[in-house]
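One-letter residues, chain by chain:
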Amino acid sequence: MRITKFGHACVRLEHDGTTLVLDPGMFTDPEALDGADAVLITHEHADHYSPDLLRGSEAPVFTIDAVAAKIREEAPAVGERTVVVSPGESFDVAGVPVTAVGELHAVIHDELPRFHNSGYRIEMGGQRLFHPGDAITETDQEVDLLFVPVSAPWAASRDLIDFARAVKAPRNVAIHDRIYSEAGSAIFDNQINLFLSKAGQEYFRLQDGQDL
């Protein structure tokens, strides 16, 4: 299986002729969607969802109702090929088993309303992968690889490190990292490696366009 990072929270998964793209947003190059069989979107924020990118692809889109409503409003043609999924639902995406995990975005501020967010647990190439979007909601099943958010205005480093430790994935790939400078990223990488390495968990930060 080939995993490619395409800016911030977007990743592209390829295996046995099938390509899935998750969370193409404002930091994503359009090439991330080339030849995609399906696109999955966790929530409506611009760093995870771009109607312009979706209009440039013919792939079906799988997402929650809150995002589907925005797609119908902002890109009606895309809305015709959008499939609405519910939190906890298991479904098939281009022959790949997927389960929607969680229902709400992490708390941004106690006085702001919560956004809806469902991450996706994907079974592909004999591996279970988990992309949580902007949530630190654990999945109820073991996963082999976690796409772990590593920087966000809504989270402290300790929250994100403890989330990765709780999921216990053997391999962890950094996402949601456009906010930090290179120096800031290095500080967090050292912090999370201090804890994950003790538990035998690997941690990787991929540059844009880099494969795993």
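Data block above holds the structure.
Overview of the structure.

How each quantity is defined
Residues numbered from 1 in each chain as written. Predicted model: local features only at pLDDT ≥ 70, side-chain atom pairs only at ≥ 80, totals over all residues. Heavy atoms only, no water. Salt bridge = Lys/Arg side-chain N within 4 Å of Asp/Glu carboxyl O. Helix = DSSP H or I, 4+ residues; strand = E, 2+ residues; numbered from the N terminus. Buried < 20%, exposed > 50% of the residue type's maximum accessible area, 1.4 Å probe, protein only. Pairing = 2+ DSSP bridges. Axes fitted to C-alpha atoms, helices over the stretch in contact; angles between N-to-C directions. Patch = residues over 30% accessible without salt bridge, like charges linked within 9 Å, V, L, I, M, F, W, Y side chains within 5 Å. Areas by Shrake-Rupley, 256 points an atom, 1.4 Å probe, with all protein chains shown as cover.

Here we come to the pattern of salt bridges. If you walk through the whole model with that rule in mind, you get 13 salt bridges. Between Arg178 and Asp208 there is a salt bridge, and its shortest N-O distance comes to 2.4 Å. Taken together, the positions of Arg178 in the loop between strand 12 (171–175) and helix 5 (182–196) and Asp208 in the segment after strand 13 (202–204) put the pair 30 residues apart, joining distant regions of the chain. Judged by relative accessible area, Asp208 falls into the partly exposed class, the value being 44%. Linked by salt bridges that have partners in common, Arg2, Arg12, Glu14 and Asp211 make up one network.

Turning to the sheet that holds strand 1 (residues 2–5), a few remarks are in order. If you walk across this open sheet you meet the six strands as 1-2-3-4-5-6, and the pairing is mixed. Whereas interior strands pair on both sides, the edge strands pair on one side only; in this sheet they are strand 1 and strand 6 (82–84). The sheet shows a mean angle of 20° between the axes of neighbouring strands, taken without regard to direction. In this structure, strand 1 lies alongside strand 2 (residues 11–15), joined through four bridges in antiparallel fashion. Paired with Arg2 across the bridge in strand 2 is Glu14.

What follows deals with a nonpolar patch on the surface. A cluster of nonpolar side chains, Ile108, Leu112 and Phe115, forms an exposed patch at the surface whose accessible area comes to about 240 Å². Assessed through its relative accessible area of 30%, Phe115 is described here as partly exposed.

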